[in-house]
Amino acid sequence: METPLEKLKRLTAWEAEPVLTEDDLDEILASASLEDKAGHNPLHPEWIPTYDINAAAAAGWLTKAGRASSTTETDPESLGVTSKIFDNCCRMAEIYRAKAKSTTSFAAV
């Protein structure tokens, strides 16, 4: 079974430019932590890791969009490429934002 981090990596195409680091993904995943089915919050010792994985994916794509927005196009042959990457990242963020609140729980094995 895929871990939350592995799933987030897959949903965000984390190694494709602009890349996300594992630290980025850990921080994004932590910000998408939810109360588990038993009502335990993420700080509770019996919390079963539960995440809004779609909200995390949206945040990952927005991070990628932010990184794309800071690049410049210097090669005339690449004009428009950076803006297309930025636009694509924003579109992906919107897709996952629309799916947000679909939770994924992961019990320790």
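Rules and cut-offs
- Residues numbered from 1 in each chain as written.
- Predicted model: local features only at pLDDT ≥ 70, side-chain atom pairs only at ≥ 80, totals over all residues.
- Heavy atoms only, no water.
- pLDDT = per-residue confidence, 0-100.
- Helix = DSSP H or I, 4+ residues; strand = E, 2+ residues; numbered from the N terminus.
- Core = buried A, V, L, I, M, F, W, Y, C linked by side-chain atoms within 4.5 Å.
- Buried < 20%, exposed > 50% of the residue type's maximum accessible area, 1.4 Å probe, protein only.
- Contact = heavy atoms within 4.5 Å.
- Expected span 1.5 Å × (residues − 1).
- Salt bridge = Lys/Arg side-chain N within 4 Å of Asp/Glu carboxyl O.
- Arc of directions from axis to C-beta.
- Disulfide = S-S within 2.5 Å.
- Phe/Tyr/Trp six-rings, centres within 6.5 Å; stacked < 30°, edge-to-face > 60°.
- Lys NZ or Arg CZ within 6 Å of the ring centre and 35° of its normal.

Draft legend 1. Region of interest: the confidence of the model for the chain. Looking at the chain, pLDDT values average 88 and 83% of them are 70 or higher. Across the chain, the secondary-structure element scoring lowest on mean pLDDT is strand β2 (residues 103-105), at 57, and the one scoring highest is helix α2 (residues 22-31), at 98.

Draft legend 2. Looking closely at the nonpolar core. Counting 20 residues, the largest nonpolar core has Leu8, Leu25, Leu29, Ala56 and Tyr96 as its most contacted members. Of all the elements in the fold, those that place two or more residues in this core are α1 (4-12), α2, α3 (53-69) and α4 (81-99). It is α3 that contributes the most residues to this core, 6 residues altogether. Ignoring anything within four residues of it in the chain, the contact list for Tyr96 reads Leu11, Asn54, Ala57, Ala58 and Trp61.

Draft legend 3. Main features of the environment of Glu46. Note on placement: Glu46 falls in the loop between α2 and β1 (50-52). Along the primary structure Glu46 and Asp36 are separated by 10 residues, whereas in three dimensions their C-alpha atoms are 9.4 Å apart. Setting aside residues up to four positions removed in sequence, Glu46 forms contacts with Asp36 and His40.

Draft legend 4. Structural context of α3. Counted at 1.5 Å a residue, the expected span for α3 with its 17 residues is 24 Å, and the 24 Å between its end C-alpha atoms agrees. When α3 is considered as a whole, its buried residues turn out to be Ile53, Asn54, Ala56, Ala57, Ala58, Gly60, Trp61, Lys64, Ala65 and Ala68.

Draft legend 5. View of the pattern of salt bridges. Under the defined criterion, the tally for this structure stands at 4 salt bridges. Note that Glu94 is salt-bridged to Arg97, the shortest N-O span being 3.1 Å. With Glu94 and Arg97 both in helix α4, this residue pair falls 3 residues apart, about one helical turn. Judged by its relative accessible area of 42%, Arg97 falls in the partly exposed class.

Draft legend 6. Broad picture of α2. Considered for burial, the residues of α2 that qualify are Asp24, Leu25, Ile28 and Leu29. All buried residues of α2 project into a common sector of 125 degrees when viewed along the axis, lining one side. Turned more than 90 degrees away from the buried face of α2 sit Asp23, Glu27 and Ser31, all of them exposed. At its buried positions, α2 is contacted by α1, β1 and α3.

Draft legend 7. The arrangement of the state of the cysteines in detail. This model, assessed by the stated rule, comprises 0 disulfides. Not part of a disulfide, Cys89 finds its nearest cysteine sulfur in Cys90, a span of 6.9 Å. By relative accessible area, Cys90 is classed as partly exposed at 27%.

Draft legend 8. How the structure looks around the packing of aromatic side chains. By the definition in use, this model includes 1 aromatic pair. A ring pair is formed by Trp47 and Tyr51, whose centres lie 5.7 Å apart and whose planes are at 85 degrees; its orientation type is edge-to-face. When its relative accessible area of 16% is taken as the criterion, Trp47 is described as buried. The side chain of Lys9 reaches across the aromatic face of Trp14, ending 4.3 Å from its centre.

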